[in-house]
Number of protein chains: 2
Amino acid sequence: MPKKVDHEARRREISQALWRIASTRGLEGASLRDVAAEAGISLGRLQHYFRTKDEMLVFALRHIESLAQERIRARIEALDGEPAPRDILRACLTGMLPLDEQSRIGFLVGVAHFHRALHDPSLRTDAREGIPRLRSFFADQLRLATERGEVRPGRDADDEAMVLISLVDGLSTYILLDVHTPEKAVQLLDMRLDQLFDGPAAD
Amino acid sequence: MPKKVDHEARRREISQALWRIASTRGLEGASLRDVAAEAGISLGRLQHYFRTKDEMLVFALRHIESLAQERIRARIEALDGEPAPRDILRACLTGMLPLDEQSRIGFLVGVAHFHRALHDPSLRTDAREGIPRLRSFFADQLRLATERGEVRPGRDADDEAMVLISLVDGLSTYILLDVHTPEKAVQLLDMRLDQLFDGPAAD
């Protein structure tokens, strides 16, 4: 048992070290040695968790994904009563935007991974699996909303879901580049949701 | 005069060297020395054009922007007669998507710059100036379309313009991650334009 506790504590320490590096100079330029130093452990010990820079990015990505899931789950649980499809979609989509320090750093880790995946097809597997799964989930919510009369029939749920995912990605980029504020990005997302939820039973 | 010709030829050689590096391993990991070697000139000579890595990225960005402008201008000029606002918007937006080798590499250069700008606020000036200018241009086209009855009144032209820019950014990301094909991204963009151009005089 103590061994397992140590292992979890070590993972947490390493995650936090990655987090601090991501938030300051970015993971892209960081070596395994830098991460070990930041976590206050030896390089050899660090390499029990990941042996290469690509494995490090995947480790960091898993960490931010689990934080994002917790954040989105908390937002959904905070909704009153039985949440409507629109509320669930909005909770997920705003949970994907870099609106606070945690989600901002999470997005930066995602960008570091994205950047590497551009030049290494094997790293694209995560995106190729994760995004279609997310699109499916969103499309199911949109189909449910159509059944409930909140979205007018005739819309392609999968295509609308992919437009929402792409839109949030672009809105996030322009938050990080200081083109617009987080508040403005949320407003643009809400405008899009208003247009999408145009059925007789909406609101 | 010959001096000027040399200077232009040199700029072109350096641009092409940057281009080749961006398309293979990416500019992010490339040093000025690497670029000089790729262009077949000395480091000292290269430094007449840019002295730091940040200046190199700005140089590369200017180059891809001028190529993108040419590409978009050619698309607009290829339109028959007096192009409608929707055709102009579509030409610009599809010109921003990584649909062929040139635009794909252009997008990669943009990503390398973006990545660096995330950790260096002074590099965000380009985005902070360029995107609002683009948004204004798109918004003007949308206002014109509203006057022509092609877009229903009541839409916020600036907000709709920013949604289009953000959408294209996200659609591009997912082309490069092999989440969807270039053709699919164009189809999603057209779906969005269909929804936007919903006035009585549309089509």
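Residues numbered from 1 in each chain as written. Chains lettered and ligands numbered in written order. Predicted model: local features only at pLDDT ≥ 70, side-chain atom pairs only at ≥ 80, totals over all residues. Heavy atoms only, no water.

With 41 residues of chain B at the contact, the number on the chain A side is 41 residues. For the pair chain B and chain A, the summed buried area comes to about 3,900 Å², and 67% of that belongs to carbon and sulfur atoms. For the interface between chain B and chain A, the tally reads four salt bridges. A salt bridge links Asp178(B) to Arg124(A); the shortest N-O distance between them is 2.9 Å. Between chain B and chain A we count 14 residue pairs in polar contact (both at pLDDT 80 or more) in total. For the side of chain B that touches chain A, the elements supplying multiple residues, two or more each, are α1 (2–24), α6 (101–118), α7 (125–147), α8 (157–176) and α9 (182–196) of chain B. The greatest single-element share of the side of chain B that touches chain A, amounting to 13 residues, is contributed by α8(B). (Contact = heavy atoms within 4.5 Å. Buried area = accessible area lost by both parts, 1.4 Å probe. Salt bridge = Lys/Arg side-chain N within 4 Å of Asp/Glu carboxyl O. Polar contact = N/O pair within 3.5 Å; in protein donor to acceptor, adjacent residues only side chain to side chain. Helix = DSSP H or I, 4+ residues; strand = E, 2+ residues; numbered from the N terminus.)

Soluble, globular proteins show a tendency: their nonpolar side chains are buried together. Counting residues in hydrophobic clusters, the biggest one holds 84 residues, and the most contacted among them are Phe197(A) and Phe197(B). Residues contacting Phe197(B), with those up to four places away along its chain left out, are Pro85(B), Arg86(B), Leu89(B), Leu142(B), Ala145(B), Glu150(B), Val151(B) and Ala202(B). (Core = buried A, V, L, I, M, F, W, Y, C linked by side-chain atoms within 4.5 Å. Buried < 20%, exposed > 50% of the residue type's maximum accessible area, 1.4 Å probe, protein only.)

Note on the copies: chain B fits chain A at an RMSD of 0.0 Å, the axial shift is 0.0 Å, and the rotation between them is 180°. Considering both components of the superposition, the chain copies are consistent with a two-fold axis. The fraction of interface residues of chain B whose copies in chain A are also interface residues reaches 100%, indicating that both copies meet through the same surface. (Least-squares fit on C-alpha atoms with pLDDT ≥ 70 in both.)

Here the focus is the packing of helix α4 (residues 53–77) of chain B against helix α5 (residues 85–96) of chain B. All names here are of chain B. At a closest axis distance of 9 Å, the pairing of α4 and α5 adopts a crossing angle of 145°. For the element pair α4 and α5, the recorded crossing hand is right-handed. Contacts from Arg71, Ile72, Arg75 and Ile76 of α4 reach α5 at Ile88, Ala91, Cys92, Thr94 and Gly95. Of the residues assigned to the contact of α4 with α5, the class counts are five nonpolar, two polar and two charged. (Axes fitted to C-alpha atoms, helices over the stretch in contact; angles between N-to-C directions. Left-handed = near helix turned anticlockwise from the far one by under 90°. Nonpolar A, V, L, I, M, F, W, Y, C, P; charged D, E, K, R; others polar.)

Here, UniProt's "DNA-binding region" (unreviewed entry) annotation points to residues 31–50 of chain A. Summarising residues 31–50 of chain A: 60% helix, 0% strand, and an end-to-end C-alpha distance of 12 Å. (UniProt positions renumbered as here; feature names shortened; annotations may be inferred.)

Before going further, it helps to examine α5(B). When the terminal C-alpha atoms of α5(B) are compared, their 17 Å separation across twelve residues agrees well with the 16 Å that a helix rising 1.5 Å per residue should span. Taken as a whole, α5(B) has its buried residues at Pro85(B), Arg86(B), Ile88(B), Leu89(B), Ala91(B), Cys92(B), Leu93(B), Thr94(B) and Gly95(B). (Expected span 1.5 Å × (residues − 1).)

For the rest of this paragraph, the subject is the side chain of His115(B). If you trace the backbone, His115(B) turns up in helix α6. With sequence-adjacent residues up to four places away left out, His115(B) is seen in contact with Glu28(A), Val111(A), Ala112(A), His115(A) and Glu28(B).

All names here are of chain A. Taken domain by domain, chain A consists of domain 1 (1–51) and domain 2 (64–196). Using only C-alpha atoms to locate each centre, domain 1 and domain 2 end up separated by 28 Å. Contact residues are listed per partner, giving five residues for domain 1 and twelve residues for domain 2. Note on domain 1 versus domain 2: buried area summed over both sides is about 640 Å², and carbon and sulfur give 73% of it. Counting across the interface, domain 1 meets domain 2 through zero salt bridges. Across the contact surface, domain 1 and domain 2 share zero residue pairs in polar contact (both at pLDDT 80 or more). For the side of domain 1 that touches domain 2, the residue count by class is three nonpolar, one polar and one charged. (Domains from an automatic or database assignment.)

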